[in-house]
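Each chain, letter by letter, is given below.
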Amino acid sequence: MADEVFKAMADPTRRKILDELTERNGQTLFEICARLTTKHGLGSSRQAISQHLAVLEAAGLIETRREGRCKFHDLRTEPLERIATRWLRRDRPES
C-alpha cells in the first residue's frame, strides 16, 4: 500500500489536488478543476484531472461519495499517517 501512496504522490498535479482537498474537503470534479486553474494556473482537462483522482482513490488517499448526480471527493489521511508512523515511532531507541 505504501508504494501506491508514494507513486500517487509523485505527481505534482496530484499533490496540488490533495492540497486543495486539505483546504476544502468534499469537492466535485468541476470545483477541483476550477481551483486548479485559478489558484495554480493548471490548464488540465477535466478528463486528465479525473484520471489523477482515480489514481489517488486507488492509493486510498481520497474517497468518493455520491449525492444525487454529484460526486464528491474527500481526503483520507490514514495512509499518510501509517507511513509517518512507520518512520516516526517514538517507541524505538535512538541511535
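Residues numbered from 1 in each chain as written. Predicted model: local features only at pLDDT ≥ 70, side-chain atom pairs only at ≥ 80, totals over all residues. Heavy atoms only, no water.

Peer 1: I'd like a rundown of the overall build of the chain, residues and numbers included.
Peer 2: Each helix and strand counted, the chain has 5 helices and 2 strands in total. Secondary structure of the chain in N-to-C order comes out as α-α-α-α-β-β-α. Taken along the three principal axes of its C-alpha coordinates, the chain extends 50 × 30 × 20 Å. Looking at the chain residue by residue over its 95 residues, the buried ones come to 31%. Put simply, 51% of the contacts in the chain that link residues at least 6 apart link residues at least 24 apart. For the chain, the accessible area works out to roughly 6400 Å², and carbon and sulfur atoms hold 50% of it. (Helix = DSSP H or I, 4+ residues; strand = E, 2+ residues; numbered from the N terminus. Buried < 20%, exposed > 50% of the residue type's maximum accessible area, 1.4 Å probe, protein only. Contact = heavy atoms within 4.5 Å. Areas by Shrake-Rupley, 256 points an atom, 1.4 Å probe, with all protein chains shown as cover.)

Peer 1: Talk me through a nonpolar patch on the surface; I want residue IDs and the actual numbers.
Peer 2: On the surface, a cluster of nonpolar side chains totalling about 340 Å² of accessible area is made up of Phe6, Trp87 and Leu88. With respect to the secondary-structure elements, Trp87 resides in helix 5 (residues 78-87). (Patch = residues over 30% accessible without salt bridge, like charges linked within 9 Å, V, L, I, M, F, W, Y side chains within 5 Å. Salt bridge = Lys/Arg side-chain N within 4 Å of Asp/Glu carboxyl O.)

Peer 1: Pulling in residues and values, what's your account of the pairing of strand 1 (residues 62-67)?
Peer 2: Taken together, the 6 bridges between strand 1 and strand 2 (residues 70-75) define a ladder with antiparallel strand orientation. Each bridged residue has a counterpart across the sheet, and for Arg65 the counterpart in strand 2 is Phe72. Turn length for the strand 1-strand 2 hairpin, with the two strands adjacent in sequence and antiparallel, is 2 residues, and the turn residue Gly68 shows positive phi of about 65°. (Pairing = 2+ DSSP bridges.)

Peer 1: Explain the nonpolar core to me, using residue names and the numbers behind them.
Peer 2: Most often, soluble globular proteins have nonpolar side chains that are buried together. In this structure, Ile17, Ile32, Ile49, Leu53, Leu56, Leu61 and Ile62 are the most contacted members of the largest nonpolar core, which totals 16 residues. In terms of residue count, the dominant contributor to this core is helix 3 (residues 29-40) (4 residues). Ile62 has contacts with Leu18, Leu21, Leu53, Leu56, Glu57, His73, Asp74, Leu75 and Arg76, leaving out every residue within four places of it along the chain. (Core = buried A, V, L, I, M, F, W, Y, C linked by side-chain atoms within 4.5 Å.)

Peer 1: Which residues make up the packing of aromatic side chains, and what values do they have?
Peer 2: If you walk through the whole model with that rule in mind, you get 1 aromatic pair. Ring centres of Phe6 and Trp87 lie 6.3 Å apart, and the angle between their planes is 50°; on these two criteria the pair is classed as tilted. Here Phe6 is found in helix 1 (residues 2-9), whereas its partner Trp87 is found in helix 5, with 81 residues between them in sequence. Exposure remark for Trp87: the relative accessible area of 46% places this residue in the partly exposed category. (Phe/Tyr/Trp six-rings, centres within 6.5 Å; stacked < 30°, edge-to-face > 60°.)

Peer 1: Outline the packing of helix 1 against helix 5, supporting the account with residue identities and numerical values.
Peer 2: Put simply, helix 1 and helix 5 touch, their axes get as near as 10 Å, and they point 110° apart. Between helix 1 and helix 5, the interaxial angle falls into the category roughly perpendicular. Once helix 1 is placed against helix 5, the crossing between them reads as left-handed. Along the contact surface, helix 1 presents Ala2, Val5, Phe6 and Met9, while helix 5 presents Pro79, Leu80, Ile83, Arg86 and Trp87. A breakdown of the residues in the contact of helix 1 with helix 5 according to their chemical character gives 8 nonpolar, no polar and 1 charged. (Axes fitted to C-alpha atoms, helices over the stretch in contact; angles between N-to-C directions. Parallel < 35°, antiparallel > 145°, perpendicular 65-115°, else oblique. Left-handed = near helix turned anticlockwise from the far one by under 90°. Nonpolar A, V, L, I, M, F, W, Y, C, P; charged D, E, K, R; others polar.)

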